[in-house]
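What the coordinates show
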Amino acid sequence: MMIKMRPSAIRLCATALCVASLGSMLSACAPIMLGGAAMGALVATDRRTSGTQLEDEGIELRSIGRINENLGDRVHVNVTSYNRQVLLTGEVPSAQDKQLVEQIVSRVDNVRLVANELAVLGSSSLTQRSSDSLITGKVKAAMVDSKDLFANAFKVVTERGIVYLMGRVTQREADRATDIARSTGGVQKVVRLLEIISEEELQRTLPAQSPQTPPKS
């Protein structure tokens, strides 16, 4: 079965380890455990409410289960939900299957929008998926290294060299993250599925975060 979820952005602290080891890849970071305080801090910096984060996890799990029930192992589909917006990536054998997957996911509770980026192709190879995972790790690491972004505000998904950016960010953050992704080796294209908020809304969304505005380099 080739259906899977992308790892959560809250595992950002494991990015450096993943980039250093191609064999591990980003998907292998899931077992890394954080202490309660550290995990709480990472969750707190997420710009979704805790309830929405749980909803997104539930959407991903239910979507995967229903895709499995209806299409089995003839498709390779990744389901990523952020703020109840669902990104579908991967490969399916026909246009009919692509539409069916979208219909299945759109009927899952709490889904408000589906971005169907499935390709009508044969399933990608393990080598391609490993390359995609490495690209994701490199983009996330570059965001961490930058001095003017909250890297945890973004969810990064890579499929066949195409990088998808998700998150609730300001226009400045969106443009900066796009520049970082485009300059990362191996990236063929950047697709933005971002919710743009104002700087004022950002301040209201993150009242407990310090600093509120990323420092300038």
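Structural data are supplied above this passage.
The paragraphs below set out a description of the structure included in this document. (Residues numbered from 1 in each chain as written. Predicted model: local features only at pLDDT ≥ 70, side-chain atom pairs only at ≥ 80, totals over all residues. Heavy atoms only, no water.)

**Section: the sheet that holds strand 8 (residues 189-196)**
Quick reminder of the rule: In this analysis, strands are considered paired if DSSP registers two or more bridges between them. We count a stretch as a helix when DSSP gives it H or I for four or more residues in a row; a strand needs E for two or more, and each element gets its number in order from the N terminus. Axis definition: a line fitted to C-alpha atoms, limited for helices to the stretch in contact. Angles are taken between N-to-C directions and run from 0 to 180 degrees. Contacts were defined at the residue level, with two residues in contact if any of their heavy atoms lie within 4.5 Å.
One open sheet accounts for three strands, arranged 6-7-8; its pairing is mixed. The open sheet has two free edges, formed respectively by strand 6 (154-159) and strand 8, since each of these has just one partner strand. Each strand of the sheet is rotated relative to its neighbour by a mean of 15 degrees, with strand direction disregarded. Bridging between strand 7 (residues 162-169) and strand 8 involves eight bridges; their strand directions are parallel. Within strand 8, the position partnered with Tyr-164 by the bridge is Val-191. Against the sheet, helix 5 (residues 126-145) touches strand 6 and strand 7, its axis set at about 155 degrees to strand 6.

**Here's the deal with the nonpolar core**
Note the threshold: Only buried residues count toward a nonpolar core. Its members are Ala, Val, Leu, Ile, Met, Phe, Trp, Tyr and Cys residues joined through side-chain atoms within 4.5 Å. Exposure classes here rest on a 1.4 Å probe applied to the protein chains alone. A residue is buried below 20% of its type maximum, exposed above 50%, and partly exposed in between.
Counting 19 residues, the largest nonpolar core has Met-143, Phe-154, Val-163 and Leu-165 as its most contacted members. Among the elements of the structure, helix 5, strand 6, strand 7, helix 6 (171-182) and strand 8 are those that each provide at least two residues to this core. For this core, the leading source of residues is helix 6, giving four residues.

**Thoughts on the pattern of salt bridges**
The criterion, for reference: For this analysis, a salt bridge means a side-chain nitrogen from Lys or Arg found within 4 Å of a carboxyl oxygen belonging to Asp or Glu.
According to the stated counting rule, one finds 14 salt bridges in the structure shown. Here Arg-48 ties to Asp-56 by a salt bridge, and the two come within 2.6 Å at their closest N and O atoms. A salt bridge links Glu-60 to Lys-155; the shortest N-O distance between them is 4.0 Å. Here Glu-60 is found in helix 3 (residues 50-71), whereas its partner Lys-155 is found in strand 6, with 95 residues between them in sequence.

**Things to note about the pairing of strand 7**
Across the eight residues of strand 7, eight count as buried, placing the element largely inside the fold. Of the two faces of strand 7, the one lined by Ile-162, Tyr-164, Met-166 and Arg-168 and the one lined by Val-163, Leu-165, Gly-167 and Val-169 are each fully buried. Note that strand 6 and strand 7 share six bridges and pair antiparallel. Bridging across to strand 7, Lys-155 finds its partner in Met-166. The antiparallel pairing of strand 6 with strand 7 creates a hairpin that spans two residues between the two strands, and Arg-160 there sits at a positive phi of about 55 degrees.

**Some points on the environment of Glu-159**
Inspection of the secondary structure puts Glu-159 in strand 6. By relative accessible area, which is 1% here, Glu-159 ends up buried. Sequence separation of Glu-159 and Ala-119 is 40 residues, and the distance between their C-alpha atoms is 9.9 Å.

**Details of the packing of helix 3 against helix 4 (residues 95-106)**
This is how it is decided: For classification purposes, an angle smaller than 35 degrees is called roughly parallel, one larger than 145 roughly antiparallel, one from 65 to 115 roughly perpendicular, and anything else oblique. When the near helix sits turned anticlockwise from the far one by under a right angle, the crossing is termed left-handed; a clockwise turn instead gives a right-handed crossing.
Where helix 3 contacts helix 4, the axes come no closer than 9 Å and their chain directions differ by 140 degrees. Between helix 3 and helix 4, the crossing angle belongs to the class labelled oblique. For the pair helix 3 and helix 4, the sense of crossing is right-handed. Of the residues in helix 4, those touching helix 3 at Ser-63, Arg-66, Ile-67, Asn-70 and Leu-71 are Asp-97, Leu-100, Val-101, Ile-104 and Val-105.

**Brief notes about helix 5**
Applicable threshold: What a helix is expected to span follows from its residue count: subtract one and scale by 1.5 Å.
When the terminal C-alpha atoms of helix 5 are compared, their 28 Å separation across 20 residues agrees well with the 28 Å that a helix rising 1.5 Å per residue should span. Here helix 5 has its buried residues at Arg-129, Asp-132, Ser-133, Ile-135, Thr-136, Gly-137, Val-139, Lys-140 and Met-143.

**Some words on the packing of helix 5 against helix 6**
Where we set the bar: Put simply, Ala, Val, Leu, Ile, Met, Phe, Trp, Tyr, Cys and Pro go in the nonpolar bin, Asp, Glu, Lys and Arg in the charged bin, and everything else, Gly too, in the polar bin.
Closest axis-to-axis distance for the helix 5/helix 6 pair is 9 Å, and the angle between their directions is 130 degrees. By the angle between their axes, helix 5 is oblique relative to helix 6. When the axes of helix 5 and helix 6 are compared, the crossing they make is right-handed. Between helix 5 and helix 6, the contacting residues are Val-139, Ala-142 and Met-143 on the first element and Ala-177, Ile-180 and Ala-181 on the second. Considering only residue class, the contact of helix 5 with helix 6 consists of six nonpolar, no polar and no charged.

Shape is all these values report; function is a separate question.
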